[in-house]
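# Structural overview
Now for the letters of each chain:
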Number of protein chains: 2
Amino acid sequence: MLNRVRSAVAHLVSSGGPPGSGSKDLPATASPVPTAPPTAPRSPPAGAESGSRASGGAVESRGSFSRPTFLQLSPGGLRRAEDHAGRVVQSPPDTSRRLPWRTGYAEVINAGKSRHNEDQACCEVVYVEGRQARMGGPGKSITDQGQQGLCFHYWGLFDGHAGAGAAEMASRLLHRYIREQLRGLVEILQDPAPPPLCLPSDTKASVSSESSCPSGSQSCWPLQKEVTHESLVVGAIENAFQFMDEHMAREQRGQHAVGGCCALVVVYLLGKMYVANAGDSRAIIIRNGDIIPMSREFTPETERQRLQLLGFLKPELLGSEFTHLQFPRRVQPKELGQRVLYRDQSMTGWAYKKIELEDLRFPLICGEGKKARVMATIGVTRGLGDHNLKVCSSTLPVKPFLSCFPEVQVYDLTQYEHCPDDVLILGTDGLWDVNSDKDVAVTVDKVLSSYEPNDPSRYTALAQALVLGARGISREQGWRLPNNKMGSVDDISVFVIPLGGPGSYT
Amino acid sequence: MLNRVRSAVAHLVSSGGPPGSGSKDLPATASPVPTAPPTAPRSPPAGAESGSRASGGAVESRGSFSRPTFLQLSPGGLRRAEDHAGRVVQSPPDTSRRLPWRTGYAEVINAGKSRHNEDQACCEVVYVEGRQARMGGPGKSITDQGQQGLCFHYWGLFDGHAGAGAAEMASRLLHRYIREQLRGLVEILQDPAPPPLCLPSDTKASVSSESSCPSGSQSCWPLQKEVTHESLVVGAIENAFQFMDEHMAREQRGQHAVGGCCALVVVYLLGKMYVANAGDSRAIIIRNGDIIPMSREFTPETERQRLQLLGFLKPELLGSEFTHLQFPRRVQPKELGQRVLYRDQSMTGWAYKKIELEDLRFPLICGEGKKARVMATIGVTRGLGDHNLKVCSSTLPVKPFLSCFPEVQVYDLTQYEHCPDDVLILGTDGLWDVNSDKDVAVTVDKVLSSYEPNDPSRYTALAQALVLGARGISREQGWRLPNNKMGSVDDISVFVIPLGGPGSYT
């Protein structure tokens, strides 16, 4: 079994070029470094400072590369990666320059669904300098002030649609917006005291609520609501998504560009994994064989009531083309006056209503499962971008119904003992379209048990096996999987993040 | 133990008068019969037809009684029930005329918090006549048409505020609105085929989708979405709540009356329990000692994001007095320009924001736990009534932020084997303020194990024990419970519905 898995993988995957082969085409760094990182929220990125420890040599231009730089693809490798017929599975090269945290990664292009692979990925270690250290004059080093920055590990999967632009931009910039949001919290997060309710108006964060409240202790009422350090990190990630989306709005409107992406992001900070999801990618933890869901998908079906409520409260967003009511199928003009099943924004059940003229409009939400759509246009309801997305043959914008806000779930790594086979799996929908959580857990068990716990390649091998098992065999065979199920025709990207075992937390 | 529980109960509870003692003051029936049942949705109730099997002799006037008629209280009993000092626990008399389904019930008035007990309750068996049977001419009996009506069991707890009027009205009418909504579904629910998508425009329900679609089979596309019989019952209950609320709107606006109520309702129909909750009452099932939550509470805290989103999308509802942002406490004018913790409608975490002038408005949601309020006015966010409720010293209406829609959870009784000690407990917040689910489960076990499985009084004894254990000992002792915890100062009403055992489903 061990050999079968390994040889199957060996024939069908590509781990970049041989070590060094990409050196002419690629920077020495595994990190894509943005040319224009954000320095202040809501303002266009400026400056060229790098926030990543891993980014040794910065590149100003990403050239024509459209795959994650950590794959270190040569031009030949890139051509192979973009081959829809072969659908070679790509992973980072098996050299000493592995991804941080022993992370495994693999990806494959779709079966001709779009020209390019519209998924993107990012894996970084990001250093956050505190505001005080940053603002200290030249004579004041970090050590002088007794303050230290913070590091966070970061993984991001971005599933693009209507082009790869939004996913590519998010993979370059979102972690920098997160860094920017965390910058004001560096001292607060390292202080065991509860976060101060109010801070002085300048950008210096004070860790003492006594000194930060301007009007003496009288005004410093005890907090009415408990605000935890954890909830500050959650708030920082939520706001970073919003700022990233506003950044895209400026870029897309200027260029009249379309396109958007789902974003599934993990931040490891001070012992906790923050899993932030906006879209239909999915994260699960496999711990001791048990499945722990770490995200929920946001689709027209799961967000039906939010979307319907918005259409109900703001009917101008529906134009004269859509109705916020849901029907099991489109109502026909000849059914005027008949009683047809419907539900509105406040219902989870169904009832009959007499069909009136305005019920003949197209329903805001239609279809089911993978075919469900908002405004007959898009099948995911959260993500970044899509600022110019219009309803087909209409000027009606879709964006008001989409949310850029992620749902953040927190997993405290320090609360559990983890073994080397415990992993956090992140996958774009290409993986989950043809695999249940249980299927993935079976593959995790099968692959990891065939490798030594200390084998550094085991997590990449697992990522490859997951992608390979979902992608189907070949176009000629109708992308069938070995067990005769249909394979995924979508792009597939997978991160495998080990939760335990020696050297994991590096 | 058995004796201790029994004698404690015997001293402190009152089960109405002795059998027959209430006959002069009370109707022979245990059912409150509305004088004006609804016959058509959205129109004022008319006619005097009774939909209840248990309502043998209708009463036109309820006189001054403000407690459920099934308690059969004499004037003396009523006076005792309204005594805030003694706080006698009330239950239906221990006679052969028990509540349907061997249901146990007990209640107690509050500790002087309001003049009257503002809780109300209803327990009924309701017969639903199909529309076809109802519309058949005098020569057509139900049997002639081969159609039968449906019966549902019904339990309702209504926790009133700002007066007992809304709770009293809901206890009289809500089950009739449910009956009205189910009437059009009688034939459909009894047909194993999936519900037809469309029905003819007259009020006859047809069970055949062939015959009901007006334009031949061509127009009868297969259902795009699966609509189950269960979801039709859920939709019927949801709409019944809305019609009940609209009924109150007409009544309250005409009389310039205030007041509202939370509603927790159970409908047993065709093998399933539908538990519908709008407010902060709670339902749990105890099955084999395990706790199964059957409702969620709707408060400013649990509904924060819905309320904030509404304030954000419709700022005119906030006037110039409120902000939709949440702060851990009220922001002070002297904090203008400082950075203070906040969260908006899209966040679950917290972040700092610079305080501007409009942040000094009162937050839409303030306080925590039992003290949380919407618009500084009300602590529950779903329920019936409150149509004239205004913000204190303002003309701003609160009602737009309140929802009359229940969340309905379904429990399939046929899926499990139940023993006589398995029960569904319904309680107003007075019970849960001082008891966790686990506390209640302990009492369930303690009391039921001290009675024979066939003892008809065991479920009423359990309801009494639950109320007694929550109400505290006496005013002099500060309403302390025996274990030195504070007792509830609120009205408490409890239904105990057995899920198994001989003769339960009657």
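In the annotation of an unreviewed UniProt entry, the entry for chain A reads Protein phosphatase, Mg2+/Mn2+ dependent 1J, and the organism field reads Sarcophilus harrisii.

Next up on the list: the interface of chain A and chain B. In many reports, interface size means the accessible area that the parts give up when they come together. With 58 residues of chain A at the interface, the matching set in chain B holds 58 residues. Summed over both partners, the interface of chain A with chain B buries about 5200 Å², with 57% contributed by carbon and sulfur atoms. If you look at where chain A meets chain B, you find zero salt bridges. The interface formed by chain A and chain B includes 14 residue pairs in polar contact (both at pLDDT 80 or more). Of all the secondary-structure elements, those providing two or more residues to the side of chain A that touches chain B are β6 (198–199), α7 (229–255), α8 (304–313), β12 (339–342) and β13 (351–354) of chain A. For the side of chain A that touches chain B, the element with the most residues is α7(A), which contributes seven residues.

Turning our attention to the sheet that holds strand β12 (residues 339–342) of chain B. Two strands in a sheet stick together by hydrogen bonds in their backbones, pointing the same way (parallel) or opposite ways (antiparallel). If you trace the three strands from one edge of the open sheet to the other, you get β6(A)-β12(B)-β13(B), paired in antiparallel fashion. Looking at the sheet topology across the chains shown, the edges are occupied by β6 of chain A together with β13 (351–354) of chain B. Pairing analysis gives four bridges linking β12(B) to β13(B), with the strands arranged antiparallel. Paired with B:Y342 across the bridge in β13(B) is B:A351.

A few words now on the relation of the copies chain A and chain B. Here chain A sits on chain B after a turn of 180° about the axis and a move of 0.0 Å along it, with an RMSD of 0.0 Å. What the rotation and shift describe, once combined, is the action of a two-fold rotation axis. Using C-alpha coordinates, one finds that chain A approaches the rotation axis most closely at A:L313, a distance of 3.7 Å. When you check the interface residues of chain A against chain B, 100% turn up at the interface there too, and the contact is symmetric in its surfaces.

A word on the domain arrangement of chain A. The domain architecture assigned to chain A consists of domain 1 (69–130 + 149–192 + 228–298 + 404–498) and domain 2 (303–379). Put simply, the middle of domain 1 of chain A and the middle of domain 2 of chain A, counted by C-alpha atoms, are 34 Å apart.

Bringing the environment of A:E180 into the picture now. All names here are of chain A. Summarising the element assignment, E180 is placed in helix α4 (residues 165–183). Take E180: its relative accessible area is 2%, and that puts it in the buried class. Separated by 224 residues in the primary sequence, E180 and C404 place their C-alpha atoms 18 Å from one another.

Moving on, we get to the confidence of the model for chain A. All names here are of chain A. Of all residues in chain A, 75% attain a pLDDT of 70 or more, and the chain-wide mean is 81. Confidence over residues 1–10 falls short of pLDDT 50; this stretch has nine contacts with residues more than four positions distant or in other chains. This stretch, residues 203–222, has a pLDDT under 50; its non-local contacts, to residues over four places away or in other chains, come to 37 contacts.

With that out of the way, let us pick up the packing of helix α10 (residues 437–448) of chain A against helix α11 (residues 458–471) of chain A. All names here are of chain A. At a minimum axis distance of 10 Å, the contact between α10 and α11 shows a crossing angle of 140°. Relative to α11, α10 is oriented oblique. In terms of crossing hand, the pair formed by α10 and α11 is right-handed. Residues V440, T443, V444, V447 and L448 of α10 touch α11, and the partners they reach there are R458, Y459, A461, L462, A465 and L466. Considered class by class, the residues forming the contact of α10 with α11 number nine nonpolar, one polar and one charged.

What follows covers the sheet that holds strand β6 (residues 198–199) of chain B. Spatially, the three strands line up as an open sheet ordered β13(A)-β12(A)-β6(B), and their pairing is antiparallel. Looking along the sheet, the strands with just one partner apiece sit at the ends: β13 of chain A together with β6 of chain B.

The rules behind these values
- Here the residue index of a chain counts from 1 through its sequence in written order.
- Both sets of labels track the order of writing: A upward for chains, 1 upward for ligands.
- Two thresholds apply to this predicted model, a pLDDT of at least 70 for residue-level local features and 80 or more for giving and counting side-chain atom pairs, whereas whole-chain, interface and lining totals are computed over all residues.
- In computing side-chain values, all of the structure's heavy atoms are included and hydrogens and water are not.
- What makes two residues a contact is simply this: any of their non-hydrogen atoms within 4.5 Å.
- Put simply, buried area is the surface a 1.4 Å probe can reach on two separate parts but cannot reach once they are joined, added for both.
- Just to be clear on terms, a salt bridge is a Lys or Arg side-chain nitrogen sitting within 4 Å of an Asp or Glu carboxyl oxygen.
- Within 3.5 Å is the distance limit for a polar contact, defined as a pair of N or O atoms, with the added protein rule that one can donate a hydrogen and the other accept it, and that residues adjacent in sequence qualify only through two side-chain atoms.
- Note on conventions: DSSP H or I runs of at least 4 residues are helices, E runs of at least 2 residues are strands, and numbering of each starts at the N terminus.
- A strand pair is defined by DSSP finding two or more bridges across the two strands.
- Here the copies were fitted onto each other by least squares, based on C-alpha atoms from residues at pLDDT of at least 70 in both.
- All the domain ranges listed were derived from an automatic or database domain assignment.
- Each residue gets one of three labels from its accessible area relative to the maximum for its type: buried under 20%, exposed over 50%, partly exposed in between, using a 1.4 Å probe on protein chains only.
- Per-residue confidence from the prediction method is given by pLDDT, with values spanning 0 to 100.
- The convention used is that axes are lines fitted to C-alpha atoms, helices contributing only their stretch in contact, and that angles between N-to-C directions extend from 0 to 180 degrees.
- We call two directions roughly parallel when the angle between them is under 35 degrees, roughly antiparallel when it is over 145, roughly perpendicular when it lies between 65 and 115, and oblique otherwise.
- Here a crossing is taken to be left-handed if its near helix is turned anticlockwise relative to the far helix by less than a right angle, and right-handed if that turn runs clockwise.
- Charged residues are taken to be Asp, Glu, Lys and Arg, nonpolar residues to be Ala, Val, Leu, Ile, Met, Phe, Trp, Tyr, Cys and Pro, and polar residues to be all remaining types, Gly included.

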